[in-house]
Amino acid sequence: MEVIQGGSRLKPKTIIKITVDLAMTVLLFCLMAYLLVGEAAHEWLGTAMFCLFVFHHILNWNWHRNLAKGRYTPLRVLQTAVDILVLLSMLGLMISGVIMSREVFSFLPLSGGTGFARTLHMLSSYWGFLLMGVHLGLHWGMMMGLARRAAGIRKPSTVRTWLMRAAAALLAAYGLYAFINNDIASYMLLRTQFVFFDMEQPLALFFLEYLGMMGLWAAVAYYAGRLLGR
């Protein structure tokens, strides 16, 4: 059975894919707010994220089957490289998370390696967040196409297009400010071993900053993809 909205049709599998991707995006923001949501909640959310990530790859199994098929254009090379790096970052997060676990995987007889696990977790977290933004940007055209179909929008609108571009530009500008102000590069390049959290910062503002940073890297990737596609 297909869901029909506004004269357009989305297959059940497509709806499931969109739902899983949205859930993963929400969980990603919650996971970045590690100290603000609590250690136990962070572990359970991380476990849920990894399960959804595995389910995401099952739903997109054709990607794995087609890796060795077809011609690799510059755009496809970039997309594939980003997808593989996202996969590696998720594996790094899960491995390091299990080693450091005090709640979900505390029953495992693991000892030692917490220093290495902490460093791997920080690297995987911040590089993974950036790469998820890039991944989003490289597939933005496809997602907008699905959104237009679901909303029943068939004709392009110049006004709507420029309004969305203006909103994206503002979000990316705010994301650049947040990236610099929070010194995210120092975590990604291991210039510091500890992540600073402003415990007085409202959770909504924290999420807004990370939404801006994701928007920044998505915008960079989107226009880089368009450039390579030409």
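Residues numbered from 1 in each chain as written. Predicted model: local features only at pLDDT ≥ 70, side-chain atom pairs only at ≥ 80, totals over all residues. Heavy atoms only, no water.

K.L.:
Which residues make up the packing of aromatic side chains, and what values go with them?
P.N.:
With the rule as written, the count across this model stands at 10 aromatic pairs. Both rings, one in Phe129 and one in Tyr210, keep their centres 5.2 Å apart while their planes meet at 80 degrees; by these two values the pair is edge-to-face. Remark: Tyr210 occurs in helix 10 (residues 203-229) and Phe129 occurs in helix 6 (residues 114-138); sequence separation between them is 81 residues. Across the pair, exposure class does not vary: Phe129 and Tyr210 are buried alike. Every member of this aromatic cluster is reached through a ring pair, and the members are Phe29, Phe129, Phe197, Phe206, Phe207 and Tyr210. A cation over an aromatic ring shows up here: Arg165 above the ring of Trp162, its NZ or CZ 4.7 Å from the ring centre. (Phe/Tyr/Trp six-rings, centres within 6.5 Å; stacked < 30°, edge-to-face > 60°. Helix = DSSP H or I, 4+ residues; strand = E, 2+ residues; numbered from the N terminus. Buried < 20%, exposed > 50% of the residue type's maximum accessible area, 1.4 Å probe, protein only. Lys NZ or Arg CZ within 6 Å of the ring centre and 35° of its normal.)

K.L.:
Describe in detail the layout of surface pockets, supporting the description with residues and values.
P.N.:
Of the pockets and cavities examined, the second largest pocket occupies roughly 980 Å³. Taken together, 36 residues form the lining of the second largest pocket, with Tyr34, His42, Met100, His121 and Ser125 sitting closest to its centre. Listing elements by their share of the lining of the second largest pocket, those giving two or more residues are helix 1 (12-32), helix 2 (34-37), helix 3 (39-59), helix 5 (74-100) and helix 6. When residues of the lining of the second largest pocket are assigned to their parent elements, the largest contribution, 10 residues, is made by helix 6. When its residues are assigned to classes, the lining of the second largest pocket shows 20 nonpolar, 12 polar and 4 charged. (1 Å grid on protein atoms, 1.4 Å probe; cavity = no way out; pocket = protein on both sides within 12 Å on 5 of 7 lines; lining within 4 Å. Points joined across faces, edges and corners; volume = space filled by probe spheres on them. Nonpolar A, V, L, I, M, F, W, Y, C, P; charged D, E, K, R; others polar.)

K.L.:
Which residues make up unusual backbone geometry, and what values go with them?
P.N.:
Not every positive phi belongs to a glycine, and Asp183 is a case in point at roughly 50 degrees. One can find Asp183 in the loop between helix 8 (158-181) and helix 9 (184-188). With a phi angle near 60 degrees, Leu190 is a residue other than glycine that sits in the positive phi range. Within the element layout of this structure, Leu190 appears in the loop between helix 9 and helix 10.

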